[in-house]
Amino acid sequence: MSKPDPMKTYETHKCRLLRVYGLTEYEKLFLFRFDDPEIAQSWRFMPGQFVELSLLGHGEVPISICSSARRMGFFELCIRKAGRVTSEIHKLKPGDMVRIRGPYGNGFPMDRFYDRDLLLVAAGLGMAPLRSVFLYALDNRWLFGNITIINSSKLGKELLFAKELKAMKDIATAENIEIIQTATRDPDWGGLTGRAPTHLDKVNVDPKKCTAALCGPPRMYKSMFEQMIALGYDPRYIFVNLERRMKCGVGKCGHCNIGTATSWKYTCKDGPVFDYYDIISIPGLI
Amino acid sequence: MRYVKLPKEKVCEFLERLKSMGTLYGPKKISEKFYDFREIGDVKEVEFEYNRTITPPRKFFFPERETVFTFDTANVEIHETLPTGNRIIIFGVHACDIVGLRIMDSRFIDDLPDPYYQIRRENGIIIGLSCLPDEYCFCSVRRTDFVDAGFDLFLHLLPDGYLVRVGTVTGHKLIENSPEYFEEISSEDKDNFAKFETKRRSMFTVQGNWDDMRYRLELHLDHPMYMRESDKCLGCGNCTLTCPTCRCYEVKDLPTLDGAGGERVRFWDSCQFRSHGLVAGGHNFRPTKKDRFLNRYQCKNAYCETTTTAYCVGCGRCTYFCPADIQFKENLLEVYGPGGGA
């Protein structure tokens, strides 16, 4: 094997912002295209991977890719206005340029998802990386069995991609896809209520031949694991996508370090996707 | 391995020769109590019998602060500022610090190599130097007290000079190009080398090895030591800044006054700072001093596959330079329990 090129490690690419969609009060969806046609053609990623987005003069932030891996030359990022850099990103207009490096992280092992049912469980911003898995499954529909996606948030108006999922209703029925959207603490919400685990009885997947991808707060993982294992889901096929401060993205800067002395991990490089057995053997992961 | 002898009277001349090849750094006494690696002007300033330097040798390859690129905001263009590739020679590196550099290599020259580190490292020459431990040293239990890789030459003290181990082709070239300074080793030299090693080994305050330390630590994550000791901690980060294997860095954009350009800099960070685990929105993954304290103890005792040792090499700096007198080695022994080798 040839030696890896050190100049590729932190290599950034110029990207043009094509469109901005407002999703909720705090989240916007940004559609980017690579400026260099060669990069546009060769750049690939897997669901669950992330990029480092640079706004020169302001800094850099790690953001999960939430678009379909099949759509080449373009990618979408769902960004919450949460801090100094993301507030600046929210001010961007179509035509503005940014710099991107990546994709980084292991991503979901999609080949282990093939020929199995698929369960996606998202809470809050967790919907962003899982949308990439969902779109991947739609674009490769023949590789998957039945699919259920549970999208949850505190308030109904905070549900990410709620309209997009709702608009898929007809095709979903035809394609054996169950879409469950729930608001956990919203008295004004007309739809389903209750946390994600309470809706596990509505899924169309068979626990015994299902792969699950989860993304949300640690509390959700704990209750989901408990219920899923009780229902007969195979722990080898339960994956989570974790969030940490992934500053460099390449397992160097140390901010995303997790674990203990026997299993010291860099979320950005060893993760951000971990399986159930990682979670129970590495204290502090969730 | 090839062995040669550098007689005492030839040491200064050999250092002069090294100096002519690039920038020579070596241990210098910088105050009554402390030593540090500094550029060597006069070779007589080199301190051969030092206990430990303040800053670790990683600073030569991973400087405390560097510009990674400059940028042009309007055109969204960047200009990388790569190291120049000047030859540097670091003389007098102790065994523990050499393992420290190999640990740095394992993270910075991996499948995603760091170009800034790699370029400097490829242009560095490492000359090791034997030492005798003081009460802060515990490289023995870390299995880093004697190295078999990571140096170009390694000098072992003899009564009348040094027994030199040649570690790399670069090392062989240094000997070949300066044959007038070296001679073949005698059986007396071999005996003296063995005597020195026996003496050195007998001096450690801890014996045995700590390969199972990480399991002991993990089984007692709730040990009261962490709370008691982190209470004393000032959170100054001295332990991580002086550590030969700490490599956390922070990155910041520094725009020019008119905002038209600027530079992106990276500089050493410390997991002991509150900002280390802080993310946008105010959430902190290591919110308390105890969390950060525990984090360092776990990280330093984790397993490095390249060296098959812990990330901590037992140099003693974190204790020696701790303003709150927190005893790393003693604290680890406390969690380990009886049989830790003390």
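Residues numbered from 1 in each chain as written. Chains lettered and ligands numbered in written order. Predicted model: local features only at pLDDT ≥ 70, side-chain atom pairs only at ≥ 80, totals over all residues. Heavy atoms only, no water.

*Asks:* Residues and numbers for the nonpolar core, please.
*Replies:* One broad rule of soluble globular proteins: the nonpolar side chains tend to lie buried together. Counting 82 residues, the largest nonpolar core has A:Leu77, A:Leu119 and A:Leu214 as the members making the most contacts within it. If one sorts the elements of this core by residue count, helix H4 (residues 127–139) of chain A sits on top with eight residues. In contact with A:Leu119, other than residues within four places in its own chain, are A:Thr148, A:Ile150, A:Leu200, A:Val203, A:Val205, A:Cys210, A:Thr211, A:Ala212, A:Ala213, A:Met228 and A:Tyr233. Counting residues in each nonpolar core, the second largest holds 78 residues, with B:Leu24, B:Tyr117, B:Ile125 and B:Phe182 among its members. (Core = buried A, V, L, I, M, F, W, Y, C linked by side-chain atoms within 4.5 Å. Buried < 20%, exposed > 50% of the residue type's maximum accessible area, 1.4 Å probe, protein only. Helix = DSSP H or I, 4+ residues; strand = E, 2+ residues; numbered from the N terminus. Contact = heavy atoms within 4.5 Å.)

*Asks:* I'd like to hear about the interface of chain A and chain B, residue by residue, with values.
*Replies:* Taken together, the contacts link 41 residues of chain A with 48 residues of chain B. Buried surface at the junction of chain A and chain B, both sides included, amounts to about 3700 Å², of which 58% is carbon and sulfur. The interface formed by chain A and chain B contains eight salt bridges. Taking the shortest distance from any N to any O, the salt bridge between A:Arg245 and B:Glu250 comes out at 2.7 Å. Here chain A is connected to chain B by 31 residue pairs in polar contact (both at pLDDT 80 or more). Its residues assigned to classes, the side of chain A that touches chain B shows 16 nonpolar, 15 polar and ten charged. (Buried area = accessible area lost by both parts, 1.4 Å probe. Salt bridge = Lys/Arg side-chain N within 4 Å of Asp/Glu carboxyl O. Polar contact = N/O pair within 3.5 Å; in protein donor to acceptor, adjacent residues only side chain to side chain. Nonpolar A, V, L, I, M, F, W, Y, C, P; charged D, E, K, R; others polar.)

*Asks:* Can you break down the environment of A:Pro94 residue by residue, with the values?
*Replies:* All names here are of chain A. As for its position among the elements, Pro-94 is in the loop between helix H3 (84–89) and strand E6 (97–104). Note: C-alpha distance between Pro-94 and Val-273 (179 residues apart in sequence) is 32 Å. Look past the residues within four positions of Pro-94 in its chain and what remains in contact with it is Leu-17, Leu-18, Arg-19 and Val-20.

*Asks:* Which residues make up the domain arrangement of chain B, and what values go with them?
*Replies:* Residue and element names in this part refer to chain B. In terms of domain boundaries, chain B breaks down into domain 1 (2–54 + 83–202) and domain 2 (213–336). The gap between the C-alpha centroids of domain 1 and domain 2 is 27 Å. Every contact between the two is made by 27 residues of domain 1 and, on the other side, 28 residues of domain 2. When domain 1 packs against domain 2, the two sides together hide about 2500 Å² of surface, and 60% of this comes from carbon and sulfur. Taken together, the links from domain 1 to domain 2 amount to two salt bridges. Between Arg-317 and Asp-97 there is a salt bridge; the shortest N-O distance is 2.7 Å. Along the contact surface separating domain 1 from domain 2 lie twelve residue pairs in polar contact (both at pLDDT 80 or more). At the level of secondary structure, the elements contributing two or more residues to the side of domain 1 that touches domain 2 comprise helix H2 (95–108) and helix H3 (115–122). Of the residues contributing to the side of domain 1 that touches domain 2, the split by class is 13 nonpolar, five polar and nine charged. (Domains from an automatic or database assignment.)

*Asks:* Describe the pairing of strand E5 (residues 77–80) of chain B, with residues and values.
*Replies:* All names here are of chain B. Relative to E5, strand E4 (residues 65–72) runs antiparallel, the two sharing four bridges. Each residue of the ladder has a partner; that of Asp-72, found in E5, is Glu-77. The antiparallel pairing of E4 with E5 creates a hairpin that spans four residues between the two strands, and Val-76 there sits at a positive phi of about 50°. (Pairing = 2+ DSSP bridges.)

*Asks:* Give me the sheet that holds strand E7 (residues 124–129) of chain B: which residues, what numbers.
*Replies:* In a beta sheet, neighbouring strands are held together by backbone hydrogen bonds and run either parallel or antiparallel to one another. Residue and element names in this part refer to chain B. Pairing within the open sheet is mixed, and its seven strands lie in the order E1-E9-E8-E7-E6-E2-E3. Of all the strands in the sheet, the pair left with one neighbour each is strand E1 (2–7) and strand E3 (35–39). With direction set aside, neighbouring strand axes in the sheet form an average angle of 25°. Pairing of strand E6 (residues 88–93) with E7 involves five bridges; the strand directions are parallel. If you follow Val-93 over to E7, its bridge partner there is Gly-128. (Axes fitted to C-alpha atoms, helices over the stretch in contact; angles between N-to-C directions.)

*Asks:* Give a description of the state of the cysteines that names residues and reports values.
*Replies:* Residues and elements named next belong to chain B. Scanning the entire structure with this criterion turns up zero disulfides over all chains. Lacking any disulfide linkage, Cys-96 is separated from the closest cysteine sulfur, that of Cys-315, by 5.5 Å. Exposure remark for Cys-96: the relative accessible area of 11% places this residue in the buried category. The cysteine Cys-248 is free of any disulfide, with Cys-271 supplying the nearest cysteine sulfur at 5.9 Å. (Disulfide = S-S within 2.5 Å.)

*Asks:* Can you break down the sheet that holds strand E9 (residues 177–183) of chain A residue by residue, with the values?
*Replies:* Residue and element names in this part refer to chain A. Pairing within the open sheet is mixed, and its seven strands lie in the order E10-E9-E8-E7-E11-E12-E15. Two strands close off the open sheet at either side, each with one partner strand: strand E10 (192–193) and strand E15 (273–275). When E9 meets E10, the two strands line up parallel, connected through two bridges. Of the residues in E10, the one forming a bridge with Thr-182 is Leu-192. Sitting on the sheet, H4 is in contact with strand E7 (117–123), strand E8 (147–153), E9, strand E11 (210–215) and strand E12 (238–241), with an inclination near 155° to E7.

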